[in-house]
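Breakdown of the fold
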Amino acid sequence: RTYDGPVNFSIAHDGDVVFEASKDVHVPPGGTVTASIEATITNALLWDIDQPNLYQASATLPAVAHSDRRTTFGFRWLEVKDLGSDAKLYLNGRLMVDGGYTAK
């Protein structure tokens with residue numbers, strides 16, 4: 001069947017919804033559509049090895065039973081500095097791996 005209607009998106013943390021949005025889509029019979037949105041979460045808690053703050057993202061077609069999909073994720077970023085000379089790996093701005101050693 002054709003689907004013409006919204007995809008509802010949400011992001012939750014510890015059961016509290018911190019973001020909601022909706023986007024209309026048209027899906028032809030037997031077809032697929034990729035729908036995406038940009039989400040801004042103010043004061044998002046970063047995922048860290050010692051404190052894995054996790055969020056749940058979901059998308060659903062409200063008119064279609066059992067269409068919801070969920071995934072768990074964390075906000076984080078990896079960064080490499082001084083690659084090629086004294087490489088260092090940073091997680092969320094904090095030094096994790098220092099490549100400046102001499103092999104024996």
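Not measured: the values here are computed from a predicted model. (Residues numbered from 1 in each chain as written. Predicted model: local features only at pLDDT ≥ 70, side-chain atom pairs only at ≥ 80, totals over all residues. Heavy atoms only, no water.)

**Points about the layout of surface pockets**
In this structure, the largest pocket encloses a volume near 310 Å³. Taken together, 15 residues form the lining of the largest pocket, with Y3, V7, V25, V27 and L61 sitting closest to its centre. Where the lining of the largest pocket is concerned, the elements lending two or more residues are β1 (3-13), β2 (16-27) and β3 (55-60). Of all the elements, β1 adds the most residues to the lining of the largest pocket, at 3 residues. By residue class, the composition of the lining of the largest pocket is 10 nonpolar, 4 polar and 1 charged. (1 Å grid on protein atoms, 1.4 Å probe; cavity = no way out; pocket = protein on both sides within 12 Å on 5 of 7 lines; lining within 4 Å. Points joined across faces, edges and corners; volume = space filled by probe spheres on them. Helix = DSSP H or I, 4+ residues; strand = E, 2+ residues; numbered from the N terminus. Nonpolar A, V, L, I, M, F, W, Y, C, P; charged D, E, K, R; others polar.)

**Quick notes on the environment of E79**
Here E79 shows up in strand β5 (residues 78-81). It is 5.1 Å that separates the C-alpha atoms of E79 and Y90, two residues lying 11 residues apart in sequence. Excluding its chain neighbours within four sequence positions, the residues that come into contact with E79 are K88, L89 and Y90. (Contact = heavy atoms within 4.5 Å.)

**Re the packing of aromatic side chains**
All chains considered together, the criterion is met by 3 aromatic pairs. Pairing Y55 with F75 gives two aromatic rings, centres 4.9 Å apart and planes at 80°, and the pair type is edge-to-face. Here Y55, found in strand β3, pairs with F75, found in the loop between β4 (69-73) and β5; they are 20 residues apart in sequence, far enough to count as distant. Here F75 falls in the partly exposed class, since its relative accessible area comes to 24%. Here a set of aromatic residues connected by ring pairs shows up, and it is made of Y55, F73 and F75. Over the ring of W47 we find R76; its NZ or CZ atom is 5.3 Å from the centre of that ring. Here the basic side chain of K81 rests over the ring of Y90, its NZ or CZ set 4.5 Å away from the ring centre. (Phe/Tyr/Trp six-rings, centres within 6.5 Å; stacked < 30°, edge-to-face > 60°. Buried < 20%, exposed > 50% of the residue type's maximum accessible area, 1.4 Å probe, protein only. Lys NZ or Arg CZ within 6 Å of the ring centre and 35° of its normal.)

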